[in-house]
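Coordinate analysis (summary)
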Amino acid sequence: MRRLVALLEEMPSGVALGAMVCLPLAEVVVRAAAGGAIPGGLALVQHLTLWVAFLGAALAAREDRLLALATGQWLPAGRGREVARGLAYAVSAAVAGLLCQASFELVRLEHGIGGLVLPWLPRWVAQLALPVGFGAIALRLGWRVAARPLGRILGFASALLGAWLGASYEVWAGGPLWPALVVLFVSTALGGPIFAALGGIAAWAFIVEGIQPAVVLAETYRLSVSPTLPAIPLFTLVGFLLAEGRASERLLRVFRAFFGWVPGGTAVVCAMLCAFFTVPTGGSGVTILALGGLLLQALLRDGYRDRFAVGLLTASGSLGLLIPPALPLILYGIVAEVPMERLFLGGVVPGALLVSLIALWGVREGFRTGRRAPFDAAEARRALWEAKWELALPVVALVAIFGGFATLVEAAALTAAYTLVVQCLVHREISLGRGLFRVLTKCNVLIGGVLSTLGVAMGLTNYLVDAQIPQRMLAWVQGRIDSPLVFLLCLNVFLLLVGCLMDIFSATVVVVPLIVPLGLAYGLDPVHLGIVFVANLELGYLTPPVGLNLFLASYRLERPLLEVCRAALPGLGILAVGVVLITYIPPLTTTLPRLLQP
């Protein structure tokens, strides 16, 4: 019975994600064959993204995989941690209940308007993903408040309390905002999901202004149906398909065959391979979780020190965020309204710089401890032939985008389909039945955790804009800082703090609308500002004490957290140097876009 329930939960999101792959491919075929388009095809893909996001978020709540700060892990294990997590889940269940009620209100209003997505699809039907998703999240979080029935009853009561607060929003108009801020900040620090903090603050801020909290969900809907947002789940699927099979072993073999003869060759290979995997997953932790064990054993087997190996893999876990078509660049382009192609070109040199700096760290270590293998041309040819399908993957994506053969979403679908064919039919490492379904479910869990957080973050951004926070920040900063160089220094420090406290996706939605007007006021190139932003957030993954990569590496490499922090400090310093170079040498970012897209 439990398995049947799980299947009923997982199947709709898996089918929706599969349809998201097929529809853009059909669009490409129809355009090439008949010069036309599938009526409503893009709109349907956009609304499938909405359903994938919130059905996936329900799965993430079931698996306890909603995005959260790592600070909860600092609590001592035992009864105290259980009580703290229970309180955090109770508050989060209340927020989910409030957002569920607000979603129903949005659906009711849309039903009255009678808007259509397609002639046969009313908009309110598509928007049902929001109350269904938040309702399931509220129930799951309420269930997790405690293991005993009384605790679970209290958890469900918290969800109902949140729904009541949303329904009676007019009663709370004019009240104080700070109690909600305190409760939500404490809950998040104790390990509560980030979506609860962002969505709760946004909803309560509108409530105290006397505005219906459904406005938060209207912004969530607007982001979810963005024309380019479907590229994020599609590229994420590529990363999961690669991680599920033996692609990492084939790529490791080919990189070692070509670079294993140089000092630090294995370390260089690890940095390059991590960057390769991070591009389609967006630094979500998949890289460390998928490759950490394999690469750690390869480094130790070749004579590298344990501390260096742990530090290298931890630092390399977020490499690739600046290399096109990395997901953070896509999201930044959506939020800041910067042409995606220019961001992709702007990230090439800075991305290569950060990978090269970590690789040089590996070369230095290789002179001290690592062993080298002589170059073997025959082995290089065999390895290259074995990994030819994986090595062609970036070519497929970039040629489709820059060659003008496909839009960004179509290129993402093409890349996902190519990877699926390679893994399921060529290498046959993923079965087309149960194996593929398992990959789709894992992918949807991550997509749901990310996109649900982005959606409510958009509501918070809307409140900040309505409250004229960007304009006030601009006036305050310009009144105190005259030099663009000093502004960039302050921006780096601010973004580093943001990067170690928030995931890169929600930080993009919340922070980018605040800093873009500042960057324009100081004459910064929009592409340069975007690359500086992503580079700093990449560095935040490593920043103690709460950088996400530190906790993931501790879990995957089976090392104490403090040991991982010490091991990662050299990598943190090296990447910090790279971020400074990217920040203060704009031609590293702006030259390629100006040459290739004037």
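In what follows, the structure referred to is the one given above.
Let me begin by describing the structure that accompanies this report. (Residues numbered from 1 in each chain as written. Predicted model: local features only at pLDDT ≥ 70, side-chain atom pairs only at ≥ 80, totals over all residues. Heavy atoms only, no water.)

1. A few points about the packing of aromatic side chains
- One pass over the structure, following the stated rule, counts 12 aromatic pairs.
- When the ring of F206 is compared with that of Y463, the centres are 5.5 Å apart and the planes differ by 80°; the resulting orientation is edge-to-face. Of the two residues, F206 is situated in helix α8 (residues 194-208) and Y463 in helix α21 (residues 434-466); the sequence distance between them amounts to 257 residues. Accessibility assignment for this pair places F206 and Y463 in one class, buried. (Phe/Tyr/Trp six-rings, centres within 6.5 Å; stacked < 30°, edge-to-face > 60°. Helix = DSSP H or I, 4+ residues; strand = E, 2+ residues; numbered from the N terminus. Buried < 20%, exposed > 50% of the residue type's maximum accessible area, 1.4 Å probe, protein only.)

2. With respect to the packing of helix α25 (residues 526-540) against helix α28 (residues 587-596)
- Orientation of α25 relative to α28, taken along the N-to-C sense of each, is 135°, at an axis distance of 9 Å. When the interaxial angle is binned, α25 and α28 end up oblique. Of the two elements, α25 crosses α28, and the hand of that crossing is right-handed. The residues of α28 that touch α25, namely those facing V527, H528 and I531, are T589, T590 and P593.
- Grouping the amino acids of the contact of α25 with α28 by side-chain chemistry returns 3 nonpolar, 3 polar and no charged. (Axes fitted to C-alpha atoms, helices over the stretch in contact; angles between N-to-C directions. Parallel < 35°, antiparallel > 145°, perpendicular 65-115°, else oblique. Left-handed = near helix turned anticlockwise from the far one by under 90°. Contact = heavy atoms within 4.5 Å. Nonpolar A, V, L, I, M, F, W, Y, C, P; charged D, E, K, R; others polar.)

3. Topic: the packing of helix α3 (residues 79-113) against α8
- Running from N to C, α3 and α8 cross one another at 55°; their axes reach a closest spacing of 9 Å. Taken together, the axes of α3 and α8 lie oblique to each other. Between α3 and α8 the crossing geometry is left-handed. Judged by residue contacts, S92, V95, A96, L98 and L99 of α3 engage F195, A196, G199, G200, A203 and I207 from α8.
- Taken together, the residues of the contact of α3 with α8 sort by class into 8 nonpolar, 3 polar and no charged.

4. Comments concerning α28
- Taken together, the buried positions of α28 are occupied by T589, T590 and P593. Taken down its axis, α28 places every buried residue within 75° of arc, on the same side. Exposed and facing more than 90 degrees away from the buried side of α28 are L595 and L596.
- On its buried side, α28 packs onto α16 (340-368), α25 and α27 (561-584). (Arc of directions from axis to C-beta.)

5. Focus: empty space enclosed by the protein
- Inspection of every chain in the model, using the stated rule, returns 3 cavities of 30 Å³ or more.
- Reported here for the largest cavity is a volume of approximately 60 Å³.
- For the lining of the largest cavity, the secondary-structure elements that each account for two or more residues are α10 (231-244) and α21.
- Of the residues forming the lining of the largest cavity, the biggest block, 4 residues, is contributed by α21.
- Of the residues in the lining of the largest cavity, the class split is 7 nonpolar, 3 polar and no charged. (1 Å grid on protein atoms, 1.4 Å probe; cavity = no way out; pocket = protein on both sides within 12 Å on 5 of 7 lines; lining within 4 Å. Points joined across faces, edges and corners; volume = space filled by probe spheres on them.)

6. Describing unusual backbone geometry
- The step from P324 to P325 runs through a cis peptide bond, and the omega angle for that step is 0°.
- Within the secondary structure layout, P325 lies in the loop between α14 (306-316) and α15 (327-336).
- Of note, the phi angle at D64 is positive, near 55°, even though the residue is not glycine.
- Following the sequence through the fold, D64 ends up in the loop between α2 (41-62) and α3.
- Non-glycine residue E337 carries a positive phi angle of around 60°.
- Looking at the secondary structure, you find E337 in the loop between α15 and α16.

7. Quick word on the layout of surface pockets
- Here the second largest pocket is characterised by a volume of approximately 600 Å³.
- Along the walls of the second largest pocket sit 23 residues, with F185, L198, I201, L460 and M502 positioned nearest its centre.
- It is α8 that provides the largest number of residues to the lining of the second largest pocket, a total of 5 residues.
- Among the residues making up the lining of the second largest pocket, the classes are represented as 21 nonpolar, 2 polar and no charged.

8. Digging into the pattern of salt bridges
- Applying the stated criterion to the full structure yields 23 salt bridges.
- The closest approach of N and O atoms between R250 and E390, which form a salt bridge, is 2.7 Å. Taken together, the positions of R250 in helix α11 (residues 247-259) and E390 in helix α18 (residues 388-391) put the pair 140 residues apart, joining distant regions of the chain.
- Residue classification places R250 among the buried residues on the basis of a relative accessible area of 2%.
- A relative accessible area of 2% means that E390 is categorised as buried.
- The network of salt bridges with common partners includes E9, E10, R62, E63 and R140. (Salt bridge = Lys/Arg side-chain N within 4 Å of Asp/Glu carboxyl O.)

9. Let's talk about the side chain of S103
- As for its placement among the helices and strands, S103 is situated in helix α3.
- A relative accessible area of 0% means that S103 is categorised as buried.
- When residues no more than four places from it in sequence are discounted, the contact partners of S103 are L130, P131, F134 and L217.

10. Things to note about the environment of A84
- With respect to the element layout, A84 can be found in helix α3.
- Sequence separation between A84 and W120 is 36 residues; the distance between their C-alpha atoms is 48 Å.

11. A short note on the nonpolar core
- Grouped together as the largest cluster of nonpolar side chains are 197 residues, with contacts concentrated most on F134, I137, F195, L237, I330 and F533.
- By residue number, the principal contributor to this core is α21, which donates 16 residues.
- When residues no more than four places from it in sequence are discounted, the contact partners of I137 are A57, A58, A61, L66, A96 and F195. (Core = buried A, V, L, I, M, F, W, Y, C linked by side-chain atoms within 4.5 Å.)

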